[in-house]
Amino acid sequence: MDLEKRLPEEPEPVRGSESVPEPAVRGGGCLVVALRLPVRIVVLVLVVPVRIVWDALVVCGRFVYDRALRPVGRALAWVGRGIGAVLVFLGKAVFVWPWVGLWRYVLTPLGLGLLWLGQVLVVAPAVWLYRWVLTPLGRGLAWLGRVLVVTPARWLYARVLTPLGHGIAWLARGVEAGVAWVLCGVWWVLRGVGLGVWWVARGVGLGVWWVVRGIGIVVGTLLRWIFVVPLVALWRWVLAPIGRGIALVAREIGDALGHAWRIAGHISRAVWGFLARLFRWTVVEPVRWVYRTVLTPVGHAARDVLWRPVAQGARAVGRAGRQALDAVRESARQARADVRRLLWGAPRAKVPVTRGPGARREPDTGRGRTLGSSTTALTKD
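Calculation rules
Residues numbered from 1 in each chain as written. Predicted model: local features only at pLDDT ≥ 70, side-chain atom pairs only at ≥ 80, totals over all residues. Heavy atoms only, no water. Helix = DSSP H or I, 4+ residues; strand = E, 2+ residues; numbered from the N terminus. Buried < 20%, exposed > 50% of the residue type's maximum accessible area, 1.4 Å probe, protein only. Contact = heavy atoms within 4.5 Å. Areas by Shrake-Rupley, 256 points an atom, 1.4 Å probe, with all protein chains shown as cover. Core = buried A, V, L, I, M, F, W, Y, C linked by side-chain atoms within 4.5 Å. Phe/Tyr/Trp six-rings, centres within 6.5 Å; stacked < 30°, edge-to-face > 60°. Lys NZ or Arg CZ within 6 Å of the ring centre and 35° of its normal. Salt bridge = Lys/Arg side-chain N within 4 Å of Asp/Glu carboxyl O. pLDDT = per-residue confidence, 0-100.

### What about the overall build of the protein chain?
Moving on, step 1. Secondary structure assignment for the protein chain yields two helices and zero strands.
Moving on, step 2. Scored against the burial criterion, the 381 residues of the protein chain give a buried share of 5%.
Moving on, step 3. For the protein chain, the share of sequence-separated contacts (at least 6 apart) that also reach a separation of at least 24 residues comes to 83%.
Moving on, step 4. Working note: accessible area of the protein chain is about 33,100 Å², and carbon and sulfur atoms make up 71% of it.

### Considering the nonpolar core
Moving on, step 1. Counting eight residues, the largest nonpolar core consists of V39, V43, V47, V48, I52, A256, A260 and A264.
Moving on, step 2. When residues no more than four places from it in sequence are discounted, the contact partners of V39 are I253 and A256.

### Some details on the packing of aromatic side chains
Moving on, step 1. Enumeration over the complete set of coordinates arrives at two aromatic pairs.
Moving on, step 2. An angle of 80° between the planes, with centres 5.6 Å apart, marks the rings of F89 and W97 as edge-to-face.
Moving on, step 3. When the centroid spacing of 5.1 Å and the interplanar angle of 75° are considered together, the rings of W198 and W199 count as edge-to-face.
Moving on, step 4. Judged by its relative accessible area of 53%, W199 is exposed.
Moving on, step 5. The ring of W225 is capped by R224, whose NZ or CZ atom sits 5.4 Å from the centre of that ring.

### Describing the pattern of salt bridges
Moving on, step 1. Going through the model one piece at a time under the given rule, you end up with eight salt bridges.
Moving on, step 2. One salt bridge connects D326 with R329, and the closest N-O pair in it is separated by 2.8 Å. Highlighted residues: D326 and R329, both in helix 2 (residues 30-344), separated by three residues, approximately one helical turn.
Moving on, step 3. Its relative accessible area of 44% is what places R329 among the partly exposed residues.
Moving on, step 4. When salt bridges that share partners are traced, they join R280, E285 and R288 into one network.

### So, the confidence of the model for the protein chain
Close inspection of predicted coordinates is inappropriate in any region flagged by low pLDDT.
Moving on, step 1. When the pLDDT values of the protein chain are averaged, the result is 78; 81% of them are 70 or greater.
Moving on, step 2. Under a pLDDT of 50 for its full length, residues 1-27 has, in the predicted model, 21 contacts with residues more than four places off or in other chains.
Moving on, step 3. In this model, residues 376-381 is a region of pLDDT below 50 whose contacts with residues beyond four sequence positions or in other chains number three contacts.

### Here we look at the environment of R262
Moving on, step 1. For R262, the location among the structural elements is in helix 2.
Moving on, step 2. Judged by its relative accessible area of 25%, R262 falls in the partly exposed class.
Moving on, step 3. Along the chain, R262 and V48 lie 214 residues apart, while their C-alpha atoms are 9.6 Å from each other.

### Remarks on the side chain of S268
Moving on, step 1. Within the fold, S268 resides in helix 2.
Moving on, step 2. Classification of S268 by relative accessible area gives buried; the value is 0%.
Moving on, step 3. The contacts of S268, once residues within four sequence positions are left out, are R51, I52 and D55.

Spelled out as structure tokens, the structure:
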């Protein structure tokens, strides 16, 4: 967390415009100003230790997050990605690839074979049956139906049913006209009776409505003066002022907390800066001074006076020891060679094999080689 907190800059008043002071905007007065300073002092005293502890916890938390949690999280993420890749590979190997192979190399060829068998054994015979058996049979049945059913039905409809229907329709229109005339007379009678009943019901309803309305006005007025007016007065003259006072106190406490938190940030920065300088002056600088002025010269002197001669002596002793060991090793090797020579004799000398134009397996004679001569041990005279 950045300890260098700055107070928010107050906006400058615009020239030429009337600016209202802050107490007037907030609706405060002398009581608010007198209450604000003690509240802010008390809140500042309570908030400063909290802010100091908070800054220390923030610094520790960031250090732990940057140095421990983030590397551990990255390692866990890398391990999780590896485990996920392994699980994906195992899942494909166990669940996907066997089914893909089964579908590709077993089910697909089997399905194609069954499709070919279905076309050969079912589709082709069905097409042949439809084309050469069912189609001619259907056409014959259709012609027979037209001859035996459709033509007689048309003649019956045109010559018998149509005239009979026209006669029945004329008779029905006459009956309908008579019934309509009778119903019209009945309608006029019923309409007059209904209008009379409606006017009577309307008058009774208006009377009942005015009675109920008067009773409602009286009851509403009584309820208003018994319940509503006291509740409005209680809200307006008691609860609302108390609420505004509580809101004012809460707003002032909130503002005091904000100011105290910002001021505590500056105080915390100053305190931790002082502690850091104090730690530097009391611990770091003395340790650095002791290291530079005491330990470094002592270490250099010990290195030049003690460690370098001791190291050179140790190297000389090691070199002499290695030379003595080499001499002893060479003496032991000669002794073993002498013992072998006494027990088993001198080793046979090896004839060096020369390579070149003069190295020939045949004897160097002036005669050429013939079939009757040989240089091997088995054919020499």
